[in-house]
Amino acid sequence: MKSLNRSIVLTTIRSHGPISRAEIAKRTALTPPTVTNIVGELMNENFVVESEIGASSGGRKPILLRLNASFYSIIGIDVGVGTIKSIVTDLDANVIHECRRSLPPYPDADTFMEQLNGSIAELLEAVGPDRPVIGIGVGMHGLVNPEEGVSVFAPNLRLRNIPIRESLEREFGVPVYVENDVVAMALGELWFGGGQDVDHFICVNIGEGVGAGIVLNRQIFRGSSFAAGEIGHTTVDLNGPRCSCGNYGCLQTLVSGPAIAEAVQNEIALGRRSERLESAAAGSLRTITGEFVYKAALEGDELAREVFRKAGRLLGIGLTNMIHTLNPQKVILGGGVSAAGPFITEPLEETVKARALESSIRHLTIETSRLGNRATAIGAVTIVLERLFAPAQLAE
Ligand SMILES: [Zn+2]
């Protein structure tokens, strides 16, 4: 109970600071002596500082408290396919330093952990000993067991059963939390992005694969075996291409970055002409990437735009299925493919509007993540913040 009260007080100071002790007691329904004790503890530990003097309501002017956000720091890591993006931030998720390391296509477990350790070591050095790191959050591609901090299966890296938490805690001696990357992204949106003002939303990551983080009643919904949100493996075309999961016509076989690149490659192989894409490919169609296609679309290439339109429509179908199931207020799009902007979002929104029941989309908005390509890393920082602060509902 003591530690719950402590995080409630800390959360109240974070949300409503600068705030007086009396006001904290009023908002939390804790007794003034309890608040004074907890605040004393939090000040000793440098989580909270006294700031300016507040307005008096008759008697002595109260001293106001605020979060000492810059005293400690937090590391957030986004493990994707090919890259580890990591950041170190203050307690308000302001980025102090950023680091990027590449991963070979199918790293073995040792190589993978070396790169992860190397990223963290670089950030620790950048932030120095004066701003102690209180935790490390990892947003990991694939299926994760967050209770054990284990990467159970990372299909696009071909890694299985990596005890990330155990290994990093041994190496760095601070608490480590591991979540699936899109779950982390959804947490980041909940605290710092487009999810701040809604109760129910879906965060969809469209990159090398496709996955969704589901937030219901401002809580992450993980499912019974941490596998909720596998929207990438919902069927949108019964006769579609074979997916890595063994099924046919899964959404991610049609709209992921590699799927978009492949669609362009196939069209050109079949005789479709595109000067821009062919010259970018420099003789080998396999070198065309989703990014090439986006650049070509920007320059007005008709084939590139057509491929995005089709992907946008299929994504709209996949999302409509999810919208009909969950009736969210918001869908937040993230990941590399969402960076293609209107080329993909316009056909997507048209499709949702045309196919969804009016009652299902009455309160719906669809937007692109404001946290951009840092969304998952910020989300990983948020995993640590979530442990420090109380759920907002308890601190209102
Ligand atoms: Zn599949």
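Please read these numbers as outputs of a predicted model, since none were measured by experiment.

Caption draft 1: Fine view of the sheet that holds strand β12 (residues 201-206). Across the sheet, five strands lie side by side as β14-β13-β12-β15-β16; this open sheet has mixed pairing. Edge positions in the sheet fall to β14 (219-221) and β16 (365-368), since each of these pairs with one other strand and no more. Neighbouring strand axes in the sheet, compared pairwise and without regard to direction, differ in orientation by 25 degrees on average. Summarising the sheet, strand β15 (residues 330-334) and β16 pair through four bridges and their orientation is parallel.

Caption draft 2: Representation of the packing of helix α2 (residues 21-28) against helix α3 (residues 32-44). Relative to each other, α2 and α3 sit at 120 degrees, their axes nearing to 9 Å. For the element pair α2 and α3, the recorded crossing hand is right-handed. Residues R21, I24, A25 and T28 of α2 touch α3, and the partners they reach there are P32, V35, T36, V39 and M43. Looking at the contact of α2 with α3, its residues break down into six nonpolar, two polar and one charged.

Caption draft 3: Structural view of the sheet that holds strand β10 (residues 159-162). Spatial strand order, β8-β9-β10: three strands in an open sheet with antiparallel pairing. Because the sheet does not close on itself, it has two edges, and the strands there are β8 (143-145) and β10. Between one strand and the next, the sheet's axes are offset by a mean angle of 15 degrees, whatever the strand orientation. In the sheet, strand β9 (residues 150-154) pairs with β10 via three bridges, with the strands oriented antiparallel. Counted as the bridge partner of F153 is R160 from β10.

Caption draft 4: Representation of the pattern of salt bridges within the structure. The full count for this structure, using the stated rule, is 19 salt bridges. As a salt-bridge pair, E41 and R6 come within 3.4 Å of each other at their nearest N and O atoms. Here E41 is found in helix α3, whereas its partner R6 is found in helix α1 (residues 2-16), with 35 residues between them in sequence. On the basis of relative accessibility, which here comes to 25%, the residue E41 falls in the partly exposed class. Of the residues examined, R6 reaches a relative accessible area of 18% and is grouped as buried. Of the charged contacts in the structure, one is a salt bridge between E367 and R370, with a shortest N-O distance of 3.8 Å. R370 gets classed as exposed once you look at its relative accessible area, which sits at 54%. Here the salt bridges share partners, and the residues they tie into one network are D197, K330, E367 and R370.

Parameters at a glance
- Residues numbered from 1 in each chain as written.
- Predicted model: local features only at pLDDT ≥ 70, side-chain atom pairs only at ≥ 80, totals over all residues.
- Heavy atoms only, no water.
- Pairing = 2+ DSSP bridges.
- Helix = DSSP H or I, 4+ residues; strand = E, 2+ residues; numbered from the N terminus.
- Axes fitted to C-alpha atoms, helices over the stretch in contact; angles between N-to-C directions.
- Left-handed = near helix turned anticlockwise from the far one by under 90°.
- Contact = heavy atoms within 4.5 Å.
- Nonpolar A, V, L, I, M, F, W, Y, C, P; charged D, E, K, R; others polar.
- Salt bridge = Lys/Arg side-chain N within 4 Å of Asp/Glu carboxyl O.
- Buried < 20%, exposed > 50% of the residue type's maximum accessible area, 1.4 Å probe, protein only.

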